[in-house]
Amino acid sequence: MCDPLSAGMAVVSLYGGIQQSRAAKAQGRFSKGTADYNARVAENRAEETRNVGVEAENVQRQKTANLLSKQRAQLGASGIELTSGSALAIQQDTVALGEADALRIRGNVDSEVDALMTSAELTSQQGDFALAAGNNAGNAAAIGGIASAGSALNNSGVADKWFTKDSAAKQINPHTR
């Protein structure tokens, strides 16, 4: 039979383990929620970046079209044939360089969007791992509380089992043989 002090220690140990378990699991859930929120923020930033990039690409193409119109007007006002020779080469270069600029904008935006989406995915995975770690720590705390309670309920300690009056570990007095 166990004494009241041991029973009280067992209850306190068990309660402490349960509380630690709850706290660890709650921390894991909180970290998961925070990570999921941060991942959604990164995804939203990626979408916003993509929209801004499409607009910048369109603006670049419009600038190119405006420049091409000005070139044609100036060349036409000078009486130069627009469909051949140097005038045609100038127009073709303007279109090619303007499109290269628009595609460069798209490439830069795509790289930024990819980085944001990768960040969102990694953040989400961190949340998954935090949740798992919280659950594992919670389970370990519960097991530790149960083990501590069991130990507190055990009236005889380990040393009592090892060092008994008849055990091999008793001290031998050479004078009493």
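Summary of the structure given here.

Basis of the calculations
- Residues numbered from 1 in each chain as written.
- Predicted model: local features only at pLDDT ≥ 70, side-chain atom pairs only at ≥ 80, totals over all residues.
- Heavy atoms only, no water.
- Helix = DSSP H or I, 4+ residues; strand = E, 2+ residues; numbered from the N terminus.
- Buried < 20%, exposed > 50% of the residue type's maximum accessible area, 1.4 Å probe, protein only.
- Areas by Shrake-Rupley, 256 points an atom, 1.4 Å probe, with all protein chains shown as cover.
- Salt bridge = Lys/Arg side-chain N within 4 Å of Asp/Glu carboxyl O.
- Expected span 1.5 Å × (residues − 1).
- Contact = heavy atoms within 4.5 Å.
- Patch = residues over 30% accessible without salt bridge, like charges linked within 9 Å, V, L, I, M, F, W, Y side chains within 5 Å.

The next thing to look at is the overall build of the protein. Each helix and strand in the protein was counted, giving three helices and zero strands. Listed by position from the N terminus, the elements making up the protein come as α-α-α. Across the 177 residues of the protein, 21% fall into the buried class. When the accessible area of the protein is evaluated, it comes to approximately 12400 Å², of which 58% is carbon and sulfur surface.

Turning our eyes to something else, we now look at the pattern of salt bridges. Enumeration according to the criterion identifies seven salt bridges in this entry. Across the pair Lys-32 and Asp-36 runs a salt bridge whose closest N-O atoms are separated by 3.0 Å. On the criterion of helical spacing, the pair formed by Lys-32 and Asp-36 is a turn pair, its members being four residues apart in helix 1 (residues 4–77). With relative accessibility at 22%, the residue Asp-36 sits in the partly exposed group.

On to helix 1. Relative to the 110 Å expected for 74 residues at 1.5 Å per residue, helix 1 spans 109 Å between its end C-alpha atoms, a close match to the ideal helical length. A positive phi of about 80° marks Gly-79, the residue just after helix 1.

Right, let's get into the side chain of Ser-21. With respect to the helices, strands and loops of the structure, Ser-21 is situated in helix 1. We classify Ser-21 as buried; its relative accessible area is 9%. Residues contacting Ser-21, with those up to four places away along its chain left out, are Gly-138, Asn-139, Ala-141 and Ala-142.

To continue, consider a nonpolar patch on the surface. Among the surface-exposed residues, Leu-14, Ile-18 and Ile-146 lie close enough to one another that they form a single nonpolar patch of about 250 Å² accessible area. Residue classification places Leu-14 among the partly exposed positions, given a relative accessible area of 36%.

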